[in-house]
Amino acid sequence: MTIKSTLILFCIFSLLSVQAQKANLNSDLLKYCSSLSSELIQIPSDRKEYLNELVSYITEQQKTQKAINLVFVCTSNSRRSHMAQVWSQIASYYYDVKNVSTFSGGTEKTKVNKNALLALEKTGIVLQSHQQSENPVWLASIGVKFTPMVLFSKVYTDSTNPSQNFGAVMVCAEANESCPIVPGADFRIGLPYQDPKAFDNTPQQNEKYDERCRQIAREMFYVFSQIK
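*Asks:* Explain the nonpolar core here, please?
*Replies:* Generally speaking, soluble globular proteins have nonpolar side chains that are buried together. Grouped together as the largest cluster of nonpolar side chains are 64 residues, with contacts concentrated most on Ile58, Met83, Trp87, Ile90, Ile125, Phe221 and Phe224. Sort the elements by how many residues they give to this core and helix H7 (residues 205–225) lands first, with nine residues. In this structure Met83 touches Ala116, Ala119, Leu120, Tyr209, Arg212, Cys213 and Ile216, once residues within four positions along its chain are discounted.

Rendered as structure tokens:
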């Protein structure tokens, strides 16, 4: 077999692997994900400069065959950080980027916000919780062949998060300012998003949560679409 034919077969098998991963997503979620690829052009060039730093980190981890652990940090770990955790993991599956594990945490512990959960649910993610507590644990199911993601509010140093060899992504300005150094992280970047909390209990509430959810999804899809 020639080198050319070997490369052709490799490309075919890679494409089939990607398609198989996508097919395992919940049907409504797959439709949502498929519509994101046409929106990547909407991301401003100055924003892509920051996103490309995250691309470079993931690529370097790949080259050195290291685990790709990403911890998304916000103040209360209730909205944006969970959205980023969920969408970065889904994007890794969608683009078949191996060995990716995503996490989230805050500088304080509260609970996952119900409006953020609703925004995620409307994309085709199935959410369930059997805990009646002030800080319930939610299971986010994205497809029958994927292990559900566990969502609950916690500080970023929680024992369920990696303590070393991870990339820290600060998704709110407050956490970015208050945590200039994240212990154990071998990469850190500020990637703040506007807080939809400002629209709680207003007529724009659902619209703004959906908007922020889609922005985060779009940007995480951009990141993983750039991984070769």
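From this point, the discussion proceeds with the structure in view.
*Asks:* Help me understand the pairing of strand E1 (residues 68–74) in this model?
*Replies:* Moving residue by residue along a regular strand, the side chains alternate between the two faces of the sheet. When you tally the buried positions in E1, you get seven out of seven residues, the bulk of the element. Bridge analysis of E1 against strand E2 (residues 100–106) gives seven bridges, and the strand direction is parallel. The residue bridging Val73 from the neighbouring strand is Gly105, located in E2. Note: E1 against strand E6 (residues 166–170), four bridges, orientation parallel.

*Asks:* Sorry if this is basic, but what is going on with the packing of aromatic side chains here?
*Replies:* The relation between two aromatic rings is expressed through the spacing of the ring centres and the mutual angle of the planes. Inspection of the entire model under this criterion finds seven aromatic pairs. A ring pair is formed by Tyr57 and Phe187, whose centres lie 4.6 Å apart and whose planes are at 15°; its orientation type is stacked. In this pair, Tyr57 is assigned in helix H3 (residues 45–63) and Phe187 in strand E7 (residues 185–190), connecting sequence segments 130 residues apart. Looking at Tyr57, the relative accessible area reads 8%, which means it is buried. With a relative accessible area of 15%, Phe187 lands in the buried category. Ring centres 5.1 Å apart and planes at 75° place the aromatic pair Tyr94 and Tyr95 in the edge-to-face group. Here Tyr94 falls in the buried class, since its relative accessible area comes to 6%. One aromatic cluster is present, built from ring pairs that chain together Tyr32, Trp87, Tyr94, Tyr95 and Phe221. Over the aromatic face of Tyr193 sits the side chain of Arg47, whose NZ or CZ is 4.6 Å from the ring centroid. Directly above the ring of Tyr32 sits Arg214, whose terminal nitrogen or CZ lies 4.5 Å from the centroid.

*Asks:* Honestly, the sheet that holds E6 in this entry has me stumped. Any pointers?
*Replies:* Backbone hydrogen bonds are what pair the strands of a sheet, in a parallel or an antiparallel way. The strand order across the open sheet formed by four strands is E2-E1-E6-E7, and the pairing between neighbours is parallel. Two strands lie at the open edges of the sheet, namely E2 and E7, each paired on one side alone. The average undirected angle you get between the axes of adjacent strands in this sheet is 20°. Set on the sheet, H3 makes contact with E1, E6 and E7; between it and E7 the angle comes to about 165°.

*Asks:* So what exactly am I meant to see when it comes to the packing of helix H4 (residues 80–94) against helix H5 (residues 114–121) here?
*Replies:* The relative placement of two packed helices comes down to the angle between their axes together with the axis-to-axis distance. The N-to-C vectors of H4 and H5 enclose an angle of 25°; their axes lie 10 Å apart at closest approach. Between H4 and H5, the interaxial angle falls into the category roughly parallel. For the pair H4 and H5, the sense of crossing is right-handed. Between H4, through Met83, Val86 and Trp87, and H5, the contact on the second element is made entirely by Ala116, Ala119 and Leu120. Partitioned by chemical class, the residues of the contact of H4 with H5 number six nonpolar, no polar and no charged.

Thresholds, definitions, all that
- Residues numbered from 1 in each chain as written.
- Predicted model: local features only at pLDDT ≥ 70, side-chain atom pairs only at ≥ 80, totals over all residues.
- Heavy atoms only, no water.
- Core = buried A, V, L, I, M, F, W, Y, C linked by side-chain atoms within 4.5 Å.
- Buried < 20%, exposed > 50% of the residue type's maximum accessible area, 1.4 Å probe, protein only.
- Helix = DSSP H or I, 4+ residues; strand = E, 2+ residues; numbered from the N terminus.
- Contact = heavy atoms within 4.5 Å.
- Pairing = 2+ DSSP bridges.
- Phe/Tyr/Trp six-rings, centres within 6.5 Å; stacked < 30°, edge-to-face > 60°.
- Lys NZ or Arg CZ within 6 Å of the ring centre and 35° of its normal.
- Axes fitted to C-alpha atoms, helices over the stretch in contact; angles between N-to-C directions.
- Parallel < 35°, antiparallel > 145°, perpendicular 65-115°, else oblique.
- Left-handed = near helix turned anticlockwise from the far one by under 90°.
- Nonpolar A, V, L, I, M, F, W, Y, C, P; charged D, E, K, R; others polar.

The values reported here are purely geometric and, on their own, carry no functional implication.
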